[in-house]
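What follows is the residue order along each chain.
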Amino acid sequence: MELAAQKLITCIFPKGIALDVAKKLKENYDLMSVDIKSARGIGKVTPLGYRGIGSQSEKEILTAIVPEELSNEIFDYIYHEADVNRPHGGLMYIYPLISATRYIVPDLPEEE
Amino acid sequence: MFAEPAIGALKTAGSIVDVNQAPYLYTLLNDWADVMVLVIGIGVGFAAVLGTIRFIYGWNLKPFVYLTLLPTLALTGWLSTHPELSKIIGLAWDCGAVTTGPVTVPLVLSLGIGIVASAGKGNSSLSGFGIVMLASLDDIIKAAQEIGAQGATIYYARGGGVRERLGVLGLAIEVEKEVISIIVATNQIDRVFEKMFIAGKLDTPGMGIMYVTHLDKVATYIPQEIVDKLAKPIVGNVAGNTG
């Protein structure tokens, strides 16, 4: 079991964004440990607040365990892919993990 | 309540009951049918009111289940010991099935959804997480916002550990959990943490846990006017200046 220096990126997105980002992370960075959870956000300003629906909105939480050496690059990649830099675009943060296993897909021989 | 198909079916059933074999059942379904429907309506309304109050105050569901189901089962047992009264047991439980009918369900569901939606709970940044009982959620978030937290993200989880070790008694411990995630600035940690701790009564056994972790980097949208304001130098006397 390989224990490597890794970091956890957590992203809180509006509903409907996380799955596309997760697919791109898998395609471009071969990340296997990406999870998506449903959540609700409570804040002082929400997208539908003007309709009197209240201060809550549906969110998706994407978490990805990434190698430490690629953490900044992947963080910036997610930031641009998910278009976080817009009103109600979401929030993301990163923090180090003391230890985490890195899952590597085994190399399977081609079937003849 | 008269629009509910299940009620109409009860009336039809009343016409085929033999008065000699089941006199009480015949009376309830024929002579006292309107009174019975009225009592069913009052019961459903009372349950809806109780459910609404439960949503508003965040009460646990289990006491309601115990306080209604246990007497009902006891009454069923007592009725079964009487030869004439035992014949209305089926009717009594079928009347409860009206709450799953095509008229009652949409009304009660939409009421529940509406109530929950409207009433339901430098430097580097540090993130606070809380895993709490369902009932405490709104108080905790309100307390955090009053002290300066801008928002919170909540997701659901299932807890395990103590419950499995208690055997049958573990049924008294709520499995469902809600996880709250709040990001606060470094200088706010202690205040927000303390406020959330007190609001959530986390010093009580079984009310949950809370922890703080350091964040390396945070990214979000910041309006340009705020960025410009932060970029401006502070004008005026600064503590320590002698000039």
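Above this text you will find the structure in question.
Residues numbered from 1 in each chain as written. Chains lettered and ligands numbered in written order. Predicted model: local features only at pLDDT ≥ 70, side-chain atom pairs only at ≥ 80, totals over all residues. Heavy atoms only, no water.

Chemist: Go over the packing of aromatic side chains, please, and point to the residues and values.
Modeler: Scanning the model with the defined rule gives two aromatic pairs over all chains in all. Both rings, one in Tyr29(A) and one in Tyr77(A), keep their centres 5.3 Å apart while their planes meet at 70°; by these two values the pair is edge-to-face. Separated by 48 residues along the polypeptide, Tyr29(A) in helix α1 (residues 18-29) and Tyr77(A) in helix α2 (residues 71-81) bring together distant segments of the chain. The ring of Tyr155(B) is capped by Lys37(A), whose NZ or CZ atom sits 5.1 Å from the centre of that ring. (Phe/Tyr/Trp six-rings, centres within 6.5 Å; stacked < 30°, edge-to-face > 60°. Helix = DSSP H or I, 4+ residues; strand = E, 2+ residues; numbered from the N terminus. Lys NZ or Arg CZ within 6 Å of the ring centre and 35° of its normal.)

Chemist: Account for the nonpolar core, with residues named and values stated.
Modeler: Core analysis: the biggest nonpolar cluster contains 23 residues, and Ile9(A), Phe13(A), Val21(A), Leu25(A), Leu62(A), Ile78(A) and Met92(A) have the highest contact counts within it. At the level of secondary structure, the elements contributing two or more residues to this core comprise β2 (6-14), α1, β4 (56-67), α2 and β5 (91-96) of chain A. Top element by residues in this core is α2(A). It accounts for five residues. Excluding anything up to four places from it in sequence, Ile9(A) contacts Leu62(A), Thr63(A), Ala64(A), Val66(A), Ser71(A), Ile74(A), Phe75(A), Ile78(A), Met92(A), Tyr93(A) and Ile94(A). Grouped together as the second largest cluster of nonpolar side chains are 18 residues, Ala143(B), Ala144(B), Ala152(B) and Ile189(B) included. (Core = buried A, V, L, I, M, F, W, Y, C linked by side-chain atoms within 4.5 Å. Buried < 20%, exposed > 50% of the residue type's maximum accessible area, 1.4 Å probe, protein only. Contact = heavy atoms within 4.5 Å.)

Chemist: Go over the side chain of Lys7(A) with me, naming the residues and quoting the values.
Modeler: Locating Lys7(A) in the fold gives a position in strand β2. Taking relative accessible area as the criterion, Lys7(A) reaches 14% and is therefore assigned buried. At 2.8 Å, the side chain of Lys7(A) and the side chain of Asp216(B) are in polar contact. For Lys7(A), the contacting residues outside a window of four places in its chain are Ala64(A), Ile65(A), Val66(A), Glu68(A), Ser71(A), Ile94(A), Tyr95(A), Pro96(A), Leu97(A) and Asp216(B). (Polar contact = N/O pair within 3.5 Å; in protein donor to acceptor, adjacent residues only side chain to side chain.)

Chemist: Outline the pattern of salt bridges, listing residues and values.
Modeler: For the structure shown, the criterion picks out seven salt bridges over all chains. Between Lys7(A) and Asp216(B) there is a salt bridge, and its shortest N-O distance comes to 2.8 Å. Placement of Lys7(A) in strand β2 and of Asp216(B) in the loop between β4 (208-214) and β5 (217-220) is noted, with the two residues assigned to different chains. By relative accessible area, Asp216(B) is classed as partly exposed at 35%. Of the charged contacts, one joins Glu84(B) and Lys87(B) as a salt bridge, the two residues approaching to 3.9 Å between their closest N and O atoms. Lys87(B) gets classed as partly exposed once you look at its relative accessible area, which sits at 34%. (Salt bridge = Lys/Arg side-chain N within 4 Å of Asp/Glu carboxyl O.)

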